[in-house]
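# Architecture at a glance
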There are 2 protein chains.
Amino acid sequence: MIRIVIAEDQHMLRGAFASLLQLEEDFEIISQVSGGHEALSMIEACKPDICLLDIEMPGLTGLEVAQTVRDRGWNCKIMIVTTFARPGYLQKAMNAAVDAYLLKDEPIEFLVEAIRRVMQGKRVVSPYLADSLFTHEANPLTEREQEVLRMVSEGGTTRHIAEHLYLTTGTVRNYLSSAIQKLEVETRHHAIEKARDRGWI
Amino acid sequence: MIRIVIAEDQHMLRGAFASLLQLEEDFEIISQVSGGHEALSMIEACKPDICLLDIEMPGLTGLEVAQTVRDRGWNCKIMIVTTFARPGYLQKAMNAAVDAYLLKDEPIEFLVEAIRRVMQGKRVVSPYLADSLFTHEANPLTEREQEVLRMVSEGGTTRHIAEHLYLTTGTVRNYLSSAIQKLEVETRHHAIEKARDRGWI
DNA sequence: CCTTGGGCATGACAGGTGTCATACTATGCT
DNA sequence: AGCATAGTATGACACCTGTCATGCCCAAGG
């Protein structure tokens, strides 16, 4: 019997997964949760064979849950199931040594098959993403550029950041300008988006 | 037999819906599609009793499909199934006289039950949204403010808009400033977001 | 040793953005 | 008619944003 925990915040999809997987004779859904913290509790309490994790959930993200499970050395297969094909997410998932990274755009049969493969000790990645596993571009941003970009993305104003880093506002703008050019975009906001997407901040 | 077409771009969810609804003895899934245009073709060709529509899909949105079905006077129940609780979307759906507006955050059983209710001629709206059906705030934006906001949202620069409307750039900025204040936000971009959300542009 | 290149830091500059005071018009109320 | 209100339109102002030229420092290589 393969014992499974499902963590997914969209209720309808979570329920659908549970019902469908339950139909497989050797699958047992032992718990369904809607957030990262509950997922961790359940994994600790129930020791499932497999945990399906969405990435964007309230509380902890699926990637954070995966990392924590690995850090604590728990013996549970981790499968990320997400909408997002972002290289940055995939990279983080790989760093956390997840057993599968599937897109919700795959057919549902793919999920069932992937679960069986993972139980055989194999790793599964959505075919669509297989390429980007190899083509990880290096981060072109310097330490300072990343720092400033991060702070802007957290809502800091130019002035606020300058004070916090003991710089003039002109210098902060300069880092942003530099980052904007390296990322080949027009505004700081687009720069943040792109850097996030690639996992560079 | 209730004949159903499903239009939903996320493959896994679409497949899950199909499999689960198929389990009901009196439901028949006659077609699954992933975009608005295909949905319209299928509705025309197969004359289903019910069509489940996602809103954000490639090609036509679910709301546009709903409106078209009504305009052409086709006799098909329309059920919107979406992630988004935006008042603007709900409003447009109501204007198109859809038979149901459900959030993907509802339990899956809710969908099955809703389908039966709709077949009995009832209308179904997610409980969470029931309130906002009555509390539709009036649009505080003037004609000009809406126009300028729309043009900015389509990527027009201040200068471009000014030329197009035969105004000075100062005047255009003034409308934006006014809209920004009415919407109680900080930037034109947030103003666009909020106005979109409420269906005011 | 000197040169080169890259990161760090600054301030000047041009242009964009939001606010404000102001003015004109039309509408509706007294 | 007199008045208040709301929409339209303008330009002045202060501030923000992105770019650029410049200089400093340090490490790698000739």
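Labelled according to an unreviewed UniProt entry, chain A appears under the name Response regulator transcription factor, originating from Paenibacillus lemnae.

Time to look at the domain arrangement of chain A. The domains assigned to chain A are domain 1 (2–134) and domain 2 (143–197). With centres defined by C-alpha atoms, the gap from domain 1 of chain A to domain 2 of chain A works out at 34 Å.

Here the focus is the environment of A:Met151. Residues and elements named next belong to chain A. Relative to the helices and strands, Met-151 resides in helix H7 (residues 143–153). Residue classification places Met-151 among the buried residues on the basis of a relative accessible area of 16%. For the pair Met-151 and His-164, spaced 13 residues apart in sequence, the C-alpha to C-alpha distance is 9.9 Å.

Near DNA strand C, the surroundings consist of 16 residues, among which A:Thr171, A:Tyr175, B:Arg173, B:Ser177 and B:Arg188 are the closest. If you look at DNA strand C and keep only atoms within 4 Å of the protein, 58% of those are sugar or phosphate atoms. The contact in question runs from a phosphate oxygen of DNA strand C to an N or O atom on the side chain of A:Thr171, over 2.7 Å. Interatomic distance of 3.2 Å between a side-chain N/O atom of A:Asn174 and a base oxygen of DNA strand C. Elements that contribute at least two residues to the surface near DNA strand C include exactly helix H9 (169–182) of chain A together with helix H9 (169–182) of chain B. Top element by residues in the surface near DNA strand C is H9(B). It accounts for five residues. Looking at the surface near DNA strand C residue by residue, the classes come out as three nonpolar, nine polar and four charged.

Counting residues at the interface gives 20 residues for chain A, matched by 20 residues for chain B. Taken together, the two surfaces of chain A and chain B that pack against each other cover about 1600 Å², and 72% of this comes from carbon and sulfur. On the chain A side of the contact with chain B, A:Gln10, A:His11 and A:Met12 bury the most area, a combined 39% of that side's loss. At the boundary of chain A and chain B, one finds zero salt bridges. Linking chain A with chain B are six residue pairs in polar contact (both at pLDDT 80 or more), by the criterion used here. Among the elements of the structure, helix H1 (11–23) and helix H5 (108–119) of chain A are those that each provide at least two residues to the side of chain A that touches chain B. The biggest single contributor to the side of chain A that touches chain B is H1(A), with nine residues. Split by residue class, the side of chain A that touches chain B holds eleven nonpolar, five polar and four charged.

So, how was this worked out
- Residues numbered from 1 in each chain as written.
- Chains lettered and ligands numbered in written order.
- Predicted model: local features only at pLDDT ≥ 70, side-chain atom pairs only at ≥ 80, totals over all residues.
- Heavy atoms only, no water.
- Domains from an automatic or database assignment.
- Helix = DSSP H or I, 4+ residues; strand = E, 2+ residues; numbered from the N terminus.
- Buried < 20%, exposed > 50% of the residue type's maximum accessible area, 1.4 Å probe, protein only.
- Near = heavy atom within 4 Å.
- Polar contact = N/O pair within 3.5 Å; in protein donor to acceptor, adjacent residues only side chain to side chain.
- Nonpolar A, V, L, I, M, F, W, Y, C, P; charged D, E, K, R; others polar.
- Contact = heavy atoms within 4.5 Å.
- Buried area = accessible area lost by both parts, 1.4 Å probe.
- Salt bridge = Lys/Arg side-chain N within 4 Å of Asp/Glu carboxyl O.

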